[in-house]
Amino acid sequence: MHALESRAREVLRSVFGYDDFRPGQGEVIAAVLAGRDVFAVMPTGSGKSMCYQLPALVDGGLTVVVSPLIALMRDQVRQLQGFGVSAASLNSANDDDENRAAWAALRERRLSLLFVSPERLAMDGLPTRLKEAGVVRLAIDEAHCVSQWGHDFRPEYRQLAGARSALGDVPVLALTATADRATREDIAAQLFPRPPETFVHSFDRPNLSLAFAVKDQPRRQIADFLSRHRGGSGIVYTSSRDRTEVLAEHLTGKGWRALPYHAGLDAGTRARNQDVFLQEDGVVVCATIAFGMGINKPDVRFVVHADMPTSIESYYQEIGRAGRDGLPADTLTLYGLEDMAFRRRQIDEKEIGEDRRRIEHRRLDAMIGLAEAATCRRRALLSYFGETEVNCGACDLCRGGAKLYDATIDAQKVLSAVVRTGQRFGAAHLSDVLTGKASDQVRRLGHDAIKTFGVGRDRDRRAWTTTIRQLFAAGALETASEEHGGFRITQAGEAILLGRERIALRAMPEPAAGTRPRRGERAARADGLDEPTAALFEHLRAVRLSIAREEGIAAYMVFPDRTLIDMARLKPATAATMRLVQGVGERKLDQYGQAFLDAIRTFEG
Ligand code: ADP
Ligand code: ZN
């Protein structure tokens, strides 16, 4: 056991160039090496793949890895080969040469890792042939695909329990980043005949900063946020296809390399835009949620939601695409009253059963709750996933965003205006009534004659809109389904109106997560590097890009950002010191070491 573990560390160092395990990896790898059935639930970016890659190199034999996406498995095989690992895949995108090479390696028992799709594993006696090739372990990636409760159900995953016995009852390692407890239990029951050894690693991603801001001037908010991330790659999610294109054009006009991505683009454009994002630095993709599955780019530096997501699950999954390399990454979510109403309407208009609709509304409520949270954002997020945490001290709210005040009287004014205008008007009209603005509509409807008219003159329209939004988020108001954007009062709202309950709301001004640097002041670098180190890092990035272009591979396959940053800090002058850089293993040292040593030596900052 002890010998295996030190051998595991040695391989981690010499092949992958890493000094240490990421949190959670060590225990899982030890259990796998001990030959047990293992179910590992770890968040995206925690290094799940290492949990089967490393054992495959430590105890020999063939590990078969089931993966649902062909693009991902091809990517991983290329990456492993870059580390000098004997890996191959069998999939429908292979050409004859690739297939021949894979089979030859299998026959000669030279292969450490073979990636297959679940349907391929079920075909023409493959398990028997893999048994002959000395398979010792089955790893099932994205294991939530086996569950109908998960978000990416794949019926072929149901055959994997059978495949396991056909492989000679080898131990199984199942991996997923799905947080939902019911789905986890379902996965374990479907894939394992007996309860496996289960590891659930925290869903906390300390390197992701979390921030929300109320939509004010969204384009400016997005541009300000992006200006802190020049040179980094990121994703801006929007709620509609049109908006991805409009925003990409706008950002391009501002000097960004911005590309749209949505399911309505033709396949060629989609693939091209995705490739550019994967292969190069400093590209912003403006996308619908269609973008993401199959993106395992480790150095995504930021994710912006230009519109509020539909649920915490999707929010978490989408921000989770940032910072997989463990380096700091920033997220910002913009939201407003229109988003809340729009998402409600979307759910109401879906053709789904009532149970499902209720669940989706509940999920949306939770998302709104997170957006309107008054204390630590991370704590609110993790408690949704069943983890109890203390305040993180690093989110927008911990850094001093929200102050609460007793808003009972303001709330009563709003609720009274809602009731007296007939429970069908939206925030704009209600704010007019409250501030005493006799608009055409107000006069036509005689709302300038009601008792509430002008009771809110002490605050401006923006303040009232904010209160209305928070009351909606707190469940004191709900949408009047007949009217677009109109509100009616709920039971909880009545309790406040009648003075039976008090309510605390956030005071203005609201947390401004997108605060722009003052004129003349340079935005601080998000990665915290000092000027000369940052300049060298940028230079090394350029060297990396030219190598990647020459070899026709993604930039991060040469070296990830983390490695280049470490290199820029250490400035190695010899191969021996280069070896100390995180992510420089023997093979990579051979291949790229000299080019980067030269780049460092000749760099004049
Ligand atoms: P996941 O599948 O959990 O989302 P990956 O397996 O893709 O994450 O790993 C994310 C990144 O972390 C990869 O670039 C990988 O090389 C890197 N990584 C994995 N293990 C370690 C480690 N022990 N030290 C440093 N980096 C690691
Ligand atoms: Zn916090």
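Residues numbered from 1 in each chain as written. Chains lettered and ligands numbered in written order. Predicted model: local features only at pLDDT ≥ 70, side-chain atom pairs only at ≥ 80, totals over all residues. Heavy atoms only, no water.

A. Expanded view of the pattern of salt bridges. If you walk through the whole model with that rule in mind, you get 41 salt bridges. Measuring nitrogen to oxygen at the nearest pair gives 3.1 Å for the salt bridge that ties Arg 9 to Asp 20. Residue Arg 9 is located in helix H1 (residues 2-16), and its partner Asp 20 is located in the loop between H1 and helix H2 (25-33); the two are separated by 11 residues in the primary sequence. Owing to a relative accessible area of 35%, Arg 9 belongs among the partly exposed residues under this scheme. With relative accessibility at 49%, the residue Asp 20 sits in the partly exposed group. The salt bridge partner of Asp 561 is Arg 544, with a shortest N-O separation of 2.9 Å. Of this pair, Asp 561 sits in helix H24 (residues 561-570) while Arg 544 sits in helix H22 (residues 531-551), and the two are 17 residues apart along the sequence. Look at Asp 561 and you get buried, because its relative accessible area is 1%. Using a relative accessible area of 0% as the deciding quantity, one classes Arg 544 as buried. Connected via shared salt-bridge partners are Asp 281, Arg 301, Asp 325, Glu 538, Arg 541, Arg 544 and Asp 561. (Salt bridge = Lys/Arg side-chain N within 4 Å of Asp/Glu carboxyl O. Helix = DSSP H or I, 4+ residues; strand = E, 2+ residues; numbered from the N terminus. Buried < 20%, exposed > 50% of the residue type's maximum accessible area, 1.4 Å probe, protein only.)

B. Quick peek at the coordination of the zinc ion (ligand 2). All of the protein donors around the zinc ion (ligand 2) are Cys 376 (SG), Cys 392 (SG), Cys 395 (SG) and Cys 398 (SG); their distances to the metal are 2.3 to 2.4 Å. Given 4 donor atoms and angles of 102 to 118° at the metal, the environment of the zinc ion (ligand 2) is assigned as tetrahedral. Here Cys 392 falls in the partly exposed class, since its relative accessible area comes to 28%. (Donors = N, O, S within 2.8 Å, 3.2 Å for Na, K, Ca; no water. Tetrahedral: all angles 85-135°; square planar, octahedral: opposite > 155°, others 65-115°.)

C. Quick look at the sheet that holds strand S2 (residues 62-66). Ordered in space as S3-S4-S2-S5-S6-S1-S7, the 7 strands form an open sheet in which the pairing is parallel. Either end of the sheet is taken by a strand with one partner, and the two such strands are strand S3 (87-90) and strand S7 (197-200). Neighbour-to-neighbour, the strand axes of the sheet open up by a mean angle of 20°, direction not taken into account. Both strand S5 (residues 135-140) and strand S6 (residues 172-176) contribute to a ladder of 3 bridges, which runs parallel. Looking at the pairing, Ile 140 lines up with Ala 174 of S6. Against the sheet, helix H5 (residues 96-107) touches S2, S3 and strand S4 (113-116), its axis set at about 120° to S3. (Pairing = 2+ DSSP bridges. Axes fitted to C-alpha atoms, helices over the stretch in contact; angles between N-to-C directions. Contact = heavy atoms within 4.5 Å.)

D. The arrangement of the domain arrangement of the protein in detail. By the assigned domains, the protein splits into domain 1 (2-200), domain 2 (208-401), domain 3 (404-507) and domain 4 (531-604). The C-alpha-based centres of domain 3 and domain 4 are spaced at 59 Å. (Domains from an automatic or database assignment.)

E. Representation of the packing of helix H14 (residues 337-349) against helix H15 (residues 354-371) in the model. Relative orientation of the contacting elements H14 and H15 amounts to 170°, with a least axis distance of 10 Å. As summarised for this structure, H14 and H15 are arranged roughly antiparallel, according to the angle between their axes. Listed contacts from H15 to Met 340, Arg 343, Arg 344, Ile 347, Asp 348 and Glu 349 of H14 are Arg 357, Glu 360, His 361, Leu 364, Asp 365 and Ile 368. Tallied by class, the residues present in the contact of H14 with H15 amount to 4 nonpolar, 1 polar and 7 charged. (Parallel < 35°, antiparallel > 145°, perpendicular 65-115°, else oblique. Nonpolar A, V, L, I, M, F, W, Y, C, P; charged D, E, K, R; others polar.)

F. Region of the structure containing the packing of aromatic side chains. For the coordinates displayed, the defined rule picks out 12 aromatic pairs. Ring geometry for Tyr 52 versus Phe 115: centroids 6.3 Å apart, planes at 70°, classification edge-to-face. Taken together, the residues span a long stretch of sequence, with Tyr 52 in helix H3 (residues 50-58) and Phe 115 in strand S4 at a distance of 63 residues. The class of Tyr 52 is buried, set by a relative accessible area of 0%. The buried category is assigned to Phe 115, whose relative accessible area is 0%. Grouping aromatic residues by their ring pairs yields a cluster made of Phe 212, Tyr 315 and Tyr 335. The ring of Phe 83 carries Lys 588 above its face, with NZ or CZ at 4.4 Å from the centroid. (Phe/Tyr/Trp six-rings, centres within 6.5 Å; stacked < 30°, edge-to-face > 60°. Lys NZ or Arg CZ within 6 Å of the ring centre and 35° of its normal.)

G. Inspection of the site of ligand 1 at higher detail. Neighbouring ligand 1 are 15 residues, the closest being Asp 20, Gly 45, Lys 48, Ser 49 and Arg 324. One of the side-chain N or O atoms of Arg 22 is found 3.3 Å from an oxygen atom in ligand 1. Contact between ligand 1 and Ser 49: an oxygen atom at 2.5 Å from a side-chain N or O atom of the residue. Taken by itself ligand 1 offers 570 Å² of open surface, and the protein chains cover 87% of this. Within the shell around ligand 1, the residues separate by chemical class into 5 nonpolar, 6 polar and 4 charged. (Near = heavy atom within 4 Å. Polar contact = N/O pair within 3.5 Å; in protein donor to acceptor, adjacent residues only side chain to side chain. Areas by Shrake-Rupley, 256 points an atom, 1.4 Å probe, with all protein chains shown as cover.)

H. Fine view of the environment of Gly 47. With respect to the secondary-structure elements, Gly 47 resides in the loop between strand S1 (38-41) and H3. With 41 residues separating them along the chain, Gly 47 and Ser 6 place their C-alpha atoms 19 Å apart.

I. Local environment of empty space enclosed by the protein. By the definition in use, this model includes 2 cavities of 30 Å³ or more. Lining the largest cavity, in full, are Phe 203, Asp 204, Arg 205, Leu 208, Leu 210, Tyr 316, Ile 319, Arg 378, Leu 381 and Leu 382. Among the elements that take part in the lining of the largest cavity, helix H16 (residues 377-384) stands out by supplying 3 residues, more than any other. For the lining of the largest cavity, the per-class residue count stands at 7 nonpolar, no polar and 3 charged. (1 Å grid on protein atoms, 1.4 Å probe; cavity = no way out; pocket = protein on both sides within 12 Å on 5 of 7 lines; lining within 4 Å. Points joined across faces, edges and corners; volume = space filled by probe spheres on them.)

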